[in-house]
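If you want the building blocks of each chain, they are given just below.
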Amino acid sequence: MNLEQADPNDLAVLRAAFAVDDGGQSALGWEAVRAFESEHRIVLPEPYRTFVAEITDGSYSGPPDYGLVGLVELPDGWEDDRPRRDLSRPFPLTSQWLWEDDDSEPSEETDLIMDGVFDHGSIVLGTDGCGMYWHLVVTGPHRGHVWWITGEGATPFGAEFGFTTAEPGFLGWVKHWAANKPWFDAA
């Protein structure tokens, strides 16, 4: 997973998956991407970075079920009373955490970690509805990985984490969707 430079073959896969052939009109452009990165003190991981700059910024077709939201957007249903998102703060997890199954008493520390999972170190790619969101981690040890975050817990996406046979990262996530595979297809 190369997070620093876009591979032209990867970009061709993304173009085909989203059937984008508008000459870049639906893309943000490099100036807007660099401004977003500067404002948030991050560098987006490749190939997502080039995808939004040159191919398209969001799509009505999936992934996820309700489409891919634009870089500066949040999906419908995102709670307005959530804390301010800080993309430069590292994403707090490196392995699956199902807080609903956690038998320990809820604490202020647990609440802060949960807020961080939703609001720090990732951009929201979209929703599958019912409080289920797909995030792309932009800072921290899991930079470049896609996570499925719900009200019950958070799970990294990619074969190396179990649950799926997909390649990790944004490209693997899109390829898995484009092949019409269920998200969690590991036996």
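Going by the structure above, here's the rest.
Asker: Give me the overall build of the protein chain: which residues, what numbers.
Answerer: Within the protein chain one finds five helices and four strands. Listing each helix as α and each strand as β along the protein chain from the N terminus yields α-α-α-α-β-β-β-β-α. What you see for the protein chain is a C-alpha radius of gyration of 16 Å, in line with the 16 Å of a compact globule of 187 residues. Taken along the three principal axes of its C-alpha coordinates, the protein chain extends 55 × 40 × 30 Å. Evaluated residue by residue, the protein chain yields a buried proportion of 49% over its 187 residues. In the protein chain, the proportion of contacts linking residues at least 24 apart, taken out of those at least 6 apart, comes to 59%.

Asker: Give a description of the side chain of T50 that names residues and reports values.
Answerer: Tracing the sequence through the fold places T50 in helix α3 (residues 48-55). Among the polar contacts made by the side chain of T50, one reaches the side chain of E46 at a distance of 2.8 Å. When near neighbours in sequence (up to four residues on either side) are disregarded, T50 contacts A6, L11, W30 and I55.

Asker: Residue-level account of helix α5 (residues 169-178), with values.
Answerer: When you tally the buried positions in α5, you get seven out of 10 residues, the bulk of the element. Within the span of α5, buried status applies to G169, F170, L171, G172, W173, V174 and H176. The elements touched by buried residues of α5 are α1 (8-18), α3, β1 (122-129), β2 (132-137), β3 (146-149) and β4 (154-157).

Asker: Outline the packing of aromatic side chains, supporting the account with residue identities and numerical values.
Answerer: For the structure on display, the rule yields 15 aromatic pairs. Pairwise contacts between aromatic rings join F18, Y48, F51, W134, W148, F157, F170, W173, W177, W183 and F184 into one cluster.

Asker: Would you mind going over the environment of A35 in detail, with residue names and values included?
Answerer: Within the secondary structure layout, A35 lies in helix α2 (residues 30-40). Residue classification places A35 among the partly exposed positions, given a relative accessible area of 45%. Considering only alpha carbons, one finds A35 and R85, 50 residues apart in sequence, at a separation of 17 Å.

Asker: Give a detailed account of the sheet that holds β4, specifying residues and quantitative values.
Answerer: Pairing is antiparallel across the open sheet formed by four strands, whose spatial order is β1-β2-β3-β4. Since the sheet does not close on itself, it has two edges, and those belong to β1 and β4, each with one partner. Taken pair by pair, the neighbouring strands of this sheet meet at an average axis angle of 25°, ignoring direction. Across the sheet, α5 touches β1, β2, β3 and β4, and the angle it forms with β4 is around 90°.

Asker: Explain unusual backbone geometry to me, and be specific about the residues and the numbers.
Answerer: At the junction of E46 and P47, the peptide bond is cis and its omega measures out at 5° in the coordinates. Along the chain, the position of P47 falls in the loop between α2 and α3. In this structure, R41 is a non-glycine residue whose phi angle is positive, near 60°. When you line up the elements, R41 lands in the loop between α2 and α3. Taking the relative accessible area as the measure of exposure, R41 reaches 58% and is therefore exposed. Residue F163 is not a glycine yet carries a positive backbone phi of 70°. Take F163: it is sitting in the loop between β4 and α5.

Asker: So what about the pairing of β1? Which residues, and what values?
Answerer: Extensive coverage of β1 is indicated by the burial of eight of its eight residues. The turn linking β1 back onto β2 is made up of two residues, and C130 within it adopts a positive phi angle of 50°.

Asker: Summarise the packing of α1 against α3; cite the residues concerned and give the values.
Answerer: At their nearest, the axes of α1 and α3 sit 10 Å apart, and the two run at 55° to each other. In this view, α1 runs oblique relative to α3, as classed from their interaxial angle. The way α1 lies across α3 gives a crossing that is right-handed. Taking contact as the criterion, the partners of L11, L14, R15 and F18 in α1 are, on α3, T50, F51 and I55. Residues of the contact of α1 with α3, tallied by class, amount to five nonpolar, one polar and one charged.

About the criteria used
Residues numbered from 1 in each chain as written. Predicted model: local features only at pLDDT ≥ 70, side-chain atom pairs only at ≥ 80, totals over all residues. Heavy atoms only, no water. Helix = DSSP H or I, 4+ residues; strand = E, 2+ residues; numbered from the N terminus. Rg over C-alpha atoms; globule rule 2.2 N^0.38 Å. Buried < 20%, exposed > 50% of the residue type's maximum accessible area, 1.4 Å probe, protein only. Contact = heavy atoms within 4.5 Å. Polar contact = N/O pair within 3.5 Å; in protein donor to acceptor, adjacent residues only side chain to side chain. Phe/Tyr/Trp six-rings, centres within 6.5 Å; stacked < 30°, edge-to-face > 60°. Pairing = 2+ DSSP bridges. Axes fitted to C-alpha atoms, helices over the stretch in contact; angles between N-to-C directions. Parallel < 35°, antiparallel > 145°, perpendicular 65-115°, else oblique. Left-handed = near helix turned anticlockwise from the far one by under 90°. Nonpolar A, V, L, I, M, F, W, Y, C, P; charged D, E, K, R; others polar.

It is worth stressing that arrangement in space is one thing and function is another; only the former is reported here.
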